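Residues per chain are reported as follows:
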Amino acid sequence: MSACLALSACATSGTSTVDARGDAAAPSSVKLYAIDCGHVESSDSGSMADDGSMDGVAGKGIIPCYLIRHPKGELLWDTGLSDAIADMPGGLRPQGSPMHFEMPKKLATQLGELGLAPADIDYLSFSHMHFDHAGNANLFASAKWLVDADEYAQAFSETARQRGEVPHYSALEHVKPVLLEGDGAYDVFGDGTVTIHQAPGHTPGHTVLLVKTAKSGAVLLTGDLWPLRESRERQLVPTYNSNRAQTIDSMRRVEALAKESNAHVIRQHVLEDFAALPAFPTPLE
Ligand SMILES: [Zn+2]
């Protein structure tokens, strides 16, 4: 589907009050857009496994953003690398890191292809606040931020400040978030189609997102619970991880969630998982 077709379909459903088929505004009409928000290439994936099994292993990954369009609003789930990297000739090679980041196209530009400005995003949420998931957070300070209470506390902690993480999302420091407390799922639109589930361990308030589409079934976006294909197959825990036992327990609970919801599991940075979703701007629906 072209951007033009997507735009005209959007304008039609937004302006007509009665649809001939009567199903234009069905609450089940959820659209999931997988957006390329950066690429990473590493000469050493050692930090992805604390058992040493990925030491010296080279790899390439995708850094995705997800837009969920629901009749009741737009939710952006993870905001990828910072759009600033798109302006850096040759991308970003952080000093002392085996990683090289590139951003072929800005997130703001891609949202523009759907006729959306950052201010049009109603809800903002992240699997967690690491820089490759919250890179463009500062563009979306006008959205309602849905964040786990433990993740929120960690995001503005002294530790996060010392690590230099806060600038990636500093515009959110003075917004009033919707804090997600307890162990239950959070139902974003109140109809069970889009739910945020607790999966702590990688960070104190790491979460995963379950999206139920009308025609294509359920999709589970798993953040850095399973960043690589090996992460799920072998239950690998990264070296940069907040609580190992919690991470392993979250893997068990998210496997159960995937089974009970019959969901297609997306491992966050795995190229073939991203490629299995429709190519932007075509949504999964
Ligand atoms: Zn992470």
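Details of the structure are given in the entry above.
Residues numbered from 1 in each chain as written. Predicted model: local features only at pLDDT ≥ 70, side-chain atom pairs only at ≥ 80, totals over all residues. Heavy atoms only, no water.

(A) Structural view of the coordination of the zinc ion. Protein-derived ligands of the zinc ion are His-128 (NE2), His-130 (ND1), His-202 (NE2) and Asp-224 (OD), with the metal-ligand distances lying across 2.1 to 2.3 Å. Around the zinc ion sit four donor atoms, and with donor-metal-donor angles ranging over 91 to 169° the site reads as irregular. Donor residues for the zinc ion, ordered by position in the chain, follow H-x1-H-x71-H-x21-D. A residue pair is termed long-range when its members are at least 10 positions apart, and His-130 in the loop between strand 5 (123-125) and strand 6 (144-148) and Asp-224 in the loop between strand 11 (217-221) and helix 5 (229-233) qualify at 94 residues. A relative accessible area of 16% means that His-130 is categorised as buried. Look at Asp-224 and you get buried, because its relative accessible area is 2%. (Donors = N, O, S within 2.8 Å, 3.2 Å for Na, K, Ca; no water. Tetrahedral: all angles 85-135°; square planar, octahedral: opposite > 155°, others 65-115°. Helix = DSSP H or I, 4+ residues; strand = E, 2+ residues; numbered from the N terminus. Buried < 20%, exposed > 50% of the residue type's maximum accessible area, 1.4 Å probe, protein only.)

(B) Representation of the nonpolar core. Counting residues in each nonpolar core, the largest one holds 34 residues, and the members touching the most others are Ile-35, Leu-67, Trp-145, Tyr-169 and Leu-172. Mapped by element, the contributors of at least two residues to this core are strand 1 (31-42), strand 2 (59-70), helix 2 (107-113) and strand 6. No other element matches strand 1, which puts four residues into this core. Not counting chain neighbours up to four residues away, the residues in contact with Ile-35 comprise Ile-63, Pro-64, Cys-65, Leu-67, Leu-107, Gln-110, Leu-111, Phe-274 and Phe-280. Membership of the second largest hydrophobic core comes to 23 residues, among which are Val-30, Trp-77, Leu-209 and Leu-284. (Core = buried A, V, L, I, M, F, W, Y, C linked by side-chain atoms within 4.5 Å. Contact = heavy atoms within 4.5 Å.)

(C) Region of the structure containing the state of the cysteines. As enumerated under the stated definition, the model contains one disulfide in all. The residue that forms a disulfide with Cys-37 is Cys-65, at a sulfur-sulfur distance of 2.0 Å. Where Cys-37 bonds to Cys-65 through sulfur, the torsion about that S-S bond is close to -125°, and the disulfide is left-handed. Of this pair, Cys-37 sits in strand 1 while Cys-65 sits in strand 2, placing them 28 residues apart in sequence. (Disulfide = S-S within 2.5 Å.)

(D) Molecular detail of helix 6 (residues 244-260). Compared with an ideal rise of 1.5 Å per residue, which puts 17 residues at 24 Å, helix 6 spans 25 Å between its outermost C-alpha atoms and is within 8% of the ideal. Among the residues of helix 6, those classed as buried are Thr-247, Ser-250, Met-251, Val-254, Leu-257 and Ala-258. Buried residues along helix 6 cover an arc of 130° about the axis, so they all sit on one side. Opposite the buried face of helix 6, by more than 90 degrees, sit the exposed residues Ala-245, Arg-252, Lys-259 and Glu-260. Taken together, the buried residues of helix 6 touch strand 9 (194-198), strand 10 (207-213), strand 11, helix 5 and strand 12 (264-266). The N-terminus of helix 6 is capped by Asn-243, whose side-chain oxygen sits 3.2 Å from the backbone nitrogen of Ala-245. Within two residues after helix 6, Asn-262 carries a phi angle of roughly 50°, on the positive side. (Expected span 1.5 Å × (residues − 1). Arc of directions from axis to C-beta. Polar contact = N/O pair within 3.5 Å; in protein donor to acceptor, adjacent residues only side chain to side chain.)

Coordinates in, geometry out; function isn't part of it.
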